[in-house]
Amino acid sequence: MRAQRFLCADAARARGDALTGTAPYGLVWVLVEYGGAWPANGFDGLALDPGVRTLLFEAARSVRARVLLIRRHGRRDKEAGPRRWAVLRYDGTGGHRQQWGTWEHDEDLARAAAALGAPGEPGHPPAVLVCTHGRHDTCCAVRGRPVARALSERWPDLVWECTHVGGDRFAANVLVAPDGVYYGGLDAPSSVAVVEQHLAGRVHPGHLRGYTDLLPPQQAAVAAVLARFGPAGRHDYTVTGTSRAGPHWLIRVTGPPPHATPYDVEVTAHRAPPNQLTCNGPATSAAVVHEVTSIRAG
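The present account deals with the structure reproduced in this document.

Our focus in this paragraph is the packing of aromatic side chains. Between two aromatic rings, the relevant description is the distance of the centres plus the angle of the planes. Tallied over the entire structure, the rule returns two aromatic pairs. Here the basic side chain of R72 rests over the ring of W160, its NZ or CZ set 3.6 Å away from the ring centre. Of note, R83 hangs over the ring of W103, and the distance from its end group to the ring centre comes to 3.8 Å.

Glancing now at the pattern of salt bridges. Enumeration according to the criterion identifies 10 salt bridges in this entry. Between E161 and R71 there is a salt bridge; the shortest N-O distance is 3.1 Å. One end of the pair, E161, is in strand 6 (residues 159-162); the other, R71, is in strand 2 (residues 66-71), with 90 residues separating them in the sequence. Like E161, the residue R71 is buried in the burial classification. D264 is the partner of R252 in a salt bridge, and the nearest nitrogen-oxygen pair spans 2.8 Å.

This part is about the sheet that holds strand 8 (residues 181-183). Sheet architecture is open: nine strands sit in the order 4-3-1-2-6-5-7-8-9, paired in mixed fashion. If you trace the sheet from one side to the other, it starts and ends with strand 4 (96-103) and strand 9 (208-211), each paired once. Sheet twist, expressed as the mean angle between neighbouring strand axes with direction ignored, is 25°. Both strand 5 (residues 127-131) and strand 7 (residues 174-177) contribute to a ladder of four bridges, which runs antiparallel. Counted as the bridge partner of V128 is V176 from strand 7. Helix-sheet contacts for helix 4 (residues 138-154) involve strand 2, strand 5, strand 6 and strand 7, and the interaxial angle to strand 5 is about 150°.

What you tend to see is this: most non-glycine residues have negative phi, and most peptide bonds are trans. Of note, the bond from A177 into P178 is cis; its omega dihedral lies within 30 degrees of zero at 5°. As for its placement among the helices and strands, P178 is situated in the loop between strand 7 and strand 8. Cis peptide bonds are those with omega within 30 degrees of zero, and the linkage from P257 to P258 qualifies with 10°. Here the phi dihedral of R64 falls at roughly 60°; this positive angle occurs in a residue that is not glycine. One can find R64 in the loop between helix 2 (50-62) and strand 2. A residue is classified by how much of its surface remains accessible, and R64, at 58% relative accessible area, is exposed. Despite not being glycine, A260 shows a phi value in the positive range, around 50°. Take A260: it is sitting in the loop between strand 11 (248-254) and strand 12 (262-271).

Each value, and the rule that gives it
- Residues numbered from 1 in each chain as written.
- Predicted model: local features only at pLDDT ≥ 70, side-chain atom pairs only at ≥ 80, totals over all residues.
- Heavy atoms only, no water.
- Phe/Tyr/Trp six-rings, centres within 6.5 Å; stacked < 30°, edge-to-face > 60°.
- Lys NZ or Arg CZ within 6 Å of the ring centre and 35° of its normal.
- Salt bridge = Lys/Arg side-chain N within 4 Å of Asp/Glu carboxyl O.
- Helix = DSSP H or I, 4+ residues; strand = E, 2+ residues; numbered from the N terminus.
- Buried < 20%, exposed > 50% of the residue type's maximum accessible area, 1.4 Å probe, protein only.
- Pairing = 2+ DSSP bridges.
- Axes fitted to C-alpha atoms, helices over the stretch in contact; angles between N-to-C directions.
- Contact = heavy atoms within 4.5 Å.

Okay, here's the thing in structure tokens:
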């Protein structure tokens, strides 16, 4: 009898793995449109001119930017003509800037590297990025592609499929950039509802993994406040204080004016039992879980 294939997202749901506090840090993203097959290691595996690859890689590393390959949903072959690149930057104060360009030859990507040293332009709508990177992890394709299809039908100009964004077991994963918001555990109907609310300025905690400018315990604290008091805009709540004693964190989250109510949120970090956390990873590892134990007005 054939053994049942292990799927990390199915296993995570069966265990009840917590979503909150799992968004990786990031303030800058580089997007490179590529319609051909994506290598397992994404941009690093593309057959580009070595000098161009090194130039973009070093420029991205200097500002801790993440480089993602992107494509429109359903595009599977290389297409003739220019493709797009973008540098998306969250400035940490509620604003964001973007710069978009096109590339046809490898050397054209030098402009993307140069854009990492420029401020970019305000006013662009965010990019909605859906991880569908099946060569990296099976669940990203199995769960990500139906989400990419549903979102693309609703917002064809905003939505892109993308390579690995982290947290395969939380597929389908959606990153809204440069807002710096991760959502996970999505399917087609829930993804449309979540993104619709996000674009309307309301972040719901149900599928929220976290904000990429915050530490994991800070992400968990903000999500707990949203769960207690209802959805709110991306910048309605800010972290205004953080202290730590061993595994215990005290996070102060302050609400929007005119009341600007502060809340003190206690968060405890602990390791979950070791499990296989990705489809393709044979080794087990123990994820860190950030559990909110109390919320009180400050």
